[in-house]
Amino acid sequence: MALLPPEEGWYYKRVAKDEKMWIALALVVCLILFFWMIVWHIYGRQNPSFTTYRTTPQEFNALANAFINKYRTGEMNGIPVVEPPPNSDVFLVAKMWRWEPVLVLKKGQEYRFHISSLDLLHGFSLQPVNMNFMVYPGYDYVLTFKPTSTGEFAIICNEFCGIGHHTMIGKIIVKE
Amino acid sequence: MFRTCDITGLKVDLRAERLIQLNAVMAVVSLLVGVIAALLLVLTRWQVVHLLPVEWYYRILTLHGLNALIFWIIFFEVAGLYFGSTVVLNSRMSSPKFGWLAFILMVLGFLLVNYTILTGSADVLMTSYAPLQASPIYYLGIILFAVGALIGVFLFFANLLIARKERTYGDSLPLFTFGLVAAAIIATLTLATGAIIYIPTLLWSLGIIKSIDAGVYKLVWWGLGHSSQQINVTAMIAVWYLGAFLTVGGASINEKVSRFAFVFYVIGINVASAHHLLVDPGPSPAWKVFNTSYIMYIAVLASMIHAFAVPSAVESAQRRRGFTKGLFDWLKNAPWGNPAFSAVFLSIIIFGFIGGVTGVVNGMEQTNIIVHNTLSIPGHFKGTVVGGTTLAFMGATYYLIPLIFRKKIAFFGLAKAQPWVFGLGIAVLAVSMYILGAFGVPRRHYDITFSGGPFTYTFNPAVDFFWVLFAIGGITAVIGALMWILIVVFSVFLGQPVRGPQDMQLQIASPPPPAKEHHGFEAPGTLTLTLLFMGVFLVFLLLNWGWLAAMWEVK
């Protein structure tokens, strides 16, 4: 009786059979879900990485420029196109309101992405695979991607970063 | 200073009553601002209309978030806290003066925040992630509002102490007030976290502190941001129990279980805020898994317990009234013409099936990759805080108007339909947003055709269909909310006075006859419904994990 103090002896009343069954079931499901996340770290292939370095916008920009100059193959709509070798470090810069560079990758190969922002928070959203990660200034987020499909992919920004936010779109091309 | 209510027999402190009324009125004003903003946003995001220009879209989005998610709910909750600690306990208000101070601070905060947003000096959205910066007045407004609310929470505790000392109720608190205690404890922690993050942010916007670390800001901010939604959940569930009691005389089949579930919320729910950082660069996987799951599942378990306890309270009362045929006779013969009943029931369904199910997927470390910052996230909280909390609070006002404002409910026929219009609208909106997010449509985004960008991207053509559903659901929900505001404003300011029990349009159910000896289940209908829920939940989880496994590999 939600508005009145409970009746005498309420604390010692036995829990009904069906309520007990439900609570037990819910508890088991909760425990399974908890362990499942740990199991996925061992057997699953999609885990948000745990390698992050502290950096500064200046430092990261310098590293990214060196990377772009080293593997640059051309330009697309004013943005450099870069084709890094498999198993190498890849630098992706987020800044108002563009992603740099355009990346050309090979299917089935691993790439160590370093992702950071030069100004505000941005959101790395890879479409149409729909994988989403946060991008911070001052943090070098390391994610090792292995593309499992070919084609052209868009990186759209999905964290508000000012008035031009909706124009912030980048590109990844995955070849056979 | 007291009047005795001729309907409930409760003693009402007139000074508390005045404060309850004022806070409730401000809650409605905030909701009205939030709802108008919502309509503009729906008509902008639906690209067929694309109503607002870009700077106004983000401005109105900021306005919507703060008014609909913060001001409306917290004003209402402060009213609820005063109600639960004075009227329900037959007790007096500890310090009406501080009640006024709290109210004035909150109104001042409300005005400053809305002023800065509308004048364009705080286009930072509700989360105001540093290093995105707003005018210092904006942060000051938030701080004033939070301090005011915190004073309100302290007054609630003071009221409880007085009631205890003066022995105005029996030995144990009524369950409704007990639930509010849980909400108030969570609120204290939450608002303190708010002060910890907004004070340095204010100093930073004034130039006194040089820089704010984006990661630290986001970590602490969510201690405020998500925990404040947990206050809402806890208060909403207290209202569910209240609704079951008022509309059918339902009481928990085991009060101990319900009370423990509230205690679980206090223990587990605050750290659940960590699930906003699941795909962030800072925290380690161990930290993420521990905080969002091991601890959060204490809160999930609590929600599952309430999911059984509230409907079974209704079922058991109805069965004792003789609706014992089959599994669902009790539900068929429930008082569906009572808008408070339909509001609570729809709130339970929407919160559970939409908000709860999606919340667990969003809160798991790996599946968060799919949904983070897509439209799925606001889709999820349309299911929890709008279809759940807001709808439950709307239902509660149908009792609040005659009992506290002493006015008859205007347009009673409209009131009967209102929870359905609002509930269905929100349900359609929430589901379509969740699906749009699953297709990768981002939240907080002005133009998903990316016009002006260096590249372009076209979402799966199926999204067009869900955008239409989004618009239909959104507009329906706005109509439902405006219906409620119309009813409330008309009743309170122009309605006919309630002179006694004969003017009560809603029944206050008398307690059902005592239970007969019986064997077997107490609430087989509820058990069936909760098992159905569990089935839906597990299927939804499997779909998400299967889908995750098909993505690019990442580690």
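Residues numbered from 1 in each chain as written. Chains lettered and ligands numbered in written order. Predicted model: local features only at pLDDT ≥ 70, side-chain atom pairs only at ≥ 80, totals over all residues. Heavy atoms only, no water.

Considering helix H15 (residues 524-549) of chain B
To keep it simple, the criterion reads: Here a helix means four or more residues in a row that DSSP labels H or I, a strand means two or more in a row labelled E, and each is numbered from the N terminus. Multiplying one less than the number of residues by 1.5 Å gives the expected span of a helix. Summary of the burial criterion: residues with accessible area below 20% of their type's maximum are buried, those above 50% are exposed, and those between are partly exposed, where the area comes from a 1.4 Å probe applied to protein chains only.
Its 26 residues give H15 of chain B an end-to-end C-alpha distance of 37 Å, which sits within 8% of 38 Å, the value for a rise of 1.5 Å per residue. Buried within H15 of chain B are the following residues: Pro524, Gly525, Thr526, Leu527, Thr530, Phe533, Met534, Phe537, Leu541, Asn544, Trp545 and Leu548 of chain B.

Observations regarding the domain arrangement of chain A
The criterion, for reference: Here the bounds of each domain stem from an automatic or database domain assignment.
Split into domains, chain A comes out as domain 1 (15-43) and domain 2 (50-175). Its C-alpha centre places domain 1 of chain A at a distance of 38 Å from the equivalent point of domain 2 of chain A.

A short note on the UniProt feature "transmembrane region" (unreviewed entry) in chain A
Here is the rule we go by: UniProt positions are given in the numbering used here, feature names are shortened, and annotations may be inferred rather than shown by experiment.
Residues annotated in UniProt with the feature "transmembrane region" (unreviewed entry) correspond here to residues 21-43 of chain A. What you have in residues 21-43 of chain A is 100% helix and 0% strand, and the ends, taken at the C-alpha atoms, are 32 Å apart.

What to know about the pairing of strand E10 (residues 139-146) of chain A
Here is the rule we go by: Criterion used throughout: strands pair if DSSP finds at least two bridges between them.
Counted residue by residue, E10 of chain A has seven buried out of eight residues, so it is predominantly covered. Across five bridges, strand E7 (residues 111-117) of chain A lies against E10 of chain A in antiparallel orientation. Bridging across to E10 of chain A, Tyr111 of chain A finds its partner in Phe145 of chain A. In this sheet, strand E3 (residues 553-554) of chain B lies alongside E10 of chain A in antiparallel orientation, the contact comprising two bridges. Residue pairing in the sheet places Lys146 of chain A in a bridge with Glu553 of chain B of E3 of chain B.

Here we look at the interface of chain A and chain B
The condition is simple: Note on contacts: a residue pair is in contact if any heavy atoms of the two residues lie within 4.5 Å. Two parts placed together each lose some accessible area; with a 1.4 Å probe, that loss summed over both constitutes the buried area. For this analysis, a salt bridge means a side-chain nitrogen from Lys or Arg found within 4 Å of a carboxyl oxygen belonging to Asp or Glu. Between N or O atoms, a polar contact is any pair within 3.5 Å; within protein, one atom must be a potential hydrogen donor and the other a potential acceptor, and residues adjacent in sequence are included only when both atoms are from side chains. Note on residue categories: nonpolar means Ala, Val, Leu, Ile, Met, Phe, Trp, Tyr, Cys or Pro, charged means Asp, Glu, Lys or Arg, and polar means any other residue, Gly included.
Across the boundary between the two partners, chain A contributes 85 residues, which contact 104 residues of chain B. Between chain A and chain B, a total of about 8,500 Å² is buried, with carbon and sulfur atoms accounting for 69% of that surface. Among the residues of chain A in contact with chain B, Leu3, Trp22 and His166 of chain A are the three that bury the most area, contributing 10% of the side total. Inspection of the chain A/chain B interface yields four salt bridges. Between Arg444 of chain B and Glu159 of chain A there is a salt bridge whose closest N-O contact spans 3.0 Å. Connecting chain A to chain B are 37 residue pairs in polar contact (both at pLDDT 80 or more). At the level of secondary structure, the elements contributing two or more residues to the side of chain A that touches chain B comprise helix H1 (17-43), strand E1 (51-54), strand E8 (122-127), strand E9 (131-135), E10, strand E11 (151-157) and strand E12 (169-175) of chain A. Take the side of chain A that touches chain B: its biggest share by element is 18 residues, from H1 of chain A. Here the side of chain A that touches chain B is built from residues that sort into 54 nonpolar, 19 polar and 12 charged.

Considering the nonpolar core
Here is the rule we go by: Throughout, nonpolar core names a set of buried Ala, Val, Leu, Ile, Met, Phe, Trp, Tyr and Cys residues whose side chains join them through atoms within 4.5 Å.
Counting 258 residues, the largest nonpolar core has Phe124, Phe133 and Ile172 of chain A together with Phe75, Tyr138 and Phe176 of chain B as the members making the most contacts within it. Ranked by the residues each element gives to this core, the list is headed by helix H2 (residues 54-87) of chain B, at 21 residues. Apart from residues lying up to four places away in sequence, Ile172 of chain A is in contact with Leu103, Leu105, Phe113, Leu126, Gly151, Glu152, Phe153 and Ile155 of chain A together with Trp552 of chain B. Counting nine residues, the second largest nonpolar core, distinct from the first, contains Ala244, Val314, Ala317 and Trp330 of chain B.

Here's the deal with empty space enclosed by the protein
All names here are of chain B. Applied cut-off: Site definitions follow a grid-based scheme: protein atoms alone, a 1 Å grid, a 1.4 Å probe that fits but cannot get out for cavities, and for pockets an open set with protein on both sides within 12 Å along at least five of seven lines, plus lining residues having an atom within 4 Å of a point. Grid points are joined across faces, edges and corners, and a volume is the space filled by probe spheres set on the points.
Scanning the model with the defined rule gives four cavities of 30 Å³ or more in all. Its volume calculated, the largest cavity comes out at about 530 Å³. Lining the largest cavity are 40 residues, with Gly80, Phe83, Phe176, Leu242 and Leu400 positioned closest to its centre. Counting only elements with at least two residues in the lining of the largest cavity, the list comes to H2, helix H4 (136-165), helix H5 (175-205), helix H6 (214-248), helix H10 (339-362) and helix H12 (376-404). Taken together, the residues of the lining of the largest cavity sort by class into 34 nonpolar, five polar and one charged.

Examining the sheet that holds strand E6 (residues 102-106) of chain A
Residues and elements named next belong to chain A. Definition in use: Whenever a helix is involved, its axis is fitted only over the stretch in contact; in every case the axis is a line through C-alpha atoms, and angles between N-to-C directions fall within 0 to 180 degrees.
Ordered in space as E2-E3-E6-E12-E11-E8-E9, the seven strands form an open sheet in which the pairing is mixed. Edge positions in the sheet fall to strand E2 (72-76) and E9, since each has one partner strand and no second. Along the sheet, successive strands turn relative to each other by an average axial angle of 25°, direction set aside. By the bridge criterion, four bridges tie E6 to E12 in an arrangement that is parallel. Each bridged residue has a counterpart across the sheet, and for Lys106 the counterpart in E12 is Lys175.

Some details on the pattern of salt bridges
One pass over the structure, following the stated rule, counts 19 salt bridges over all chains. With its nearest N and O atoms 2.7 Å apart, the salt bridge here joins Arg54 of chain A to Asp213 of chain B. Residue Arg54 of chain A is found in strand E1, and its partner Asp213 of chain B is found in the loop between H5 and H6; the two belong to separate chains. You can call Arg54 of chain A exposed: its relative accessible area is 56%. The residue Arg319 of chain B makes a salt bridge to Glu315 of chain B at a minimum N-O spacing of 2.8 Å. Placement of both Arg319 of chain B and Glu315 of chain B in helix H8 (residues 285-320) is noted, with a separation of four residues, approximately one turn of the helix. There is no split in this pair, since Arg319 of chain B and Glu315 of chain B are both buried.

Some thoughts on the confidence of the model for chain B
Formally: Residue-level confidence of the predictor is what pLDDT reports, using numbers from 0 through 100.
For chain B, per-residue confidence averages 94 on the pLDDT scale, and residues scoring 70 or more make up 99% of the total. As a predicted assembly, this complex carries a pTM of 0.96 together with an ipTM value of 0.95.

As for the pairing of E6 of chain A
Residues and elements named next belong to chain A. Most of E6 is tucked away: four of the five residues are buried. In this sheet, E6 lies alongside strand E3 (residues 79-82) in parallel orientation, the contact comprising two bridges. Looking at the pairing, Val82 lines up with Leu103 of E6.

Quick word on the packing of aromatic side chains
For any pair of aromatic rings, the description rests on two quantities: the centre-to-centre distance and the angle between the ring planes. To be explicit about the condition: Pairing of aromatic side chains here covers Phe, Tyr and the six-membered ring of Trp, requires ring centres within 6.5 Å, and sorts the geometry by plane angle: under 30 degrees stacked, over 60 edge-to-face, intermediate tilted. Two thresholds decide whether a charge sits over a ring: the Lys NZ or Arg CZ must be within 6 Å of the ring centre and within 35 degrees of the ring normal.
The tally for this structure, following the rule as stated, stands at 52 aromatic pairs over all chains. Seen from their ring centres, Trp10 of chain A and Tyr11 of chain A are 5.6 Å apart, and the 80° between their planes marks the pair as edge-to-face. Taking 6.4 Å as the distance between ring centres and 65° as the angle between the ring planes, the aromatic pair formed by Phe178 of chain B and Phe262 of chain B counts as edge-to-face. On the criterion of sequence distance, the pair formed by Phe178 of chain B in helix H5 and Phe262 of chain B in helix H7 (residues 255-268) is long-range, its members being 84 residues apart. Residue Phe262 of chain B is classed as buried on the basis of its relative accessible area, which comes to 0%. Here a set of aromatic residues connected by ring pairs shows up, and it is made of Trp99, Phe113, Phe124, Phe133, Tyr141, Phe145 and Phe153 of chain A together with Trp552 of chain B. Positioned over the ring face of Tyr139 of chain A is Arg54 of chain A, at 4.3 Å from the centre of the ring. Directly above the ring of Trp10 of chain A sits Arg259 of chain B, whose terminal nitrogen or CZ lies 4.8 Å from the centroid.

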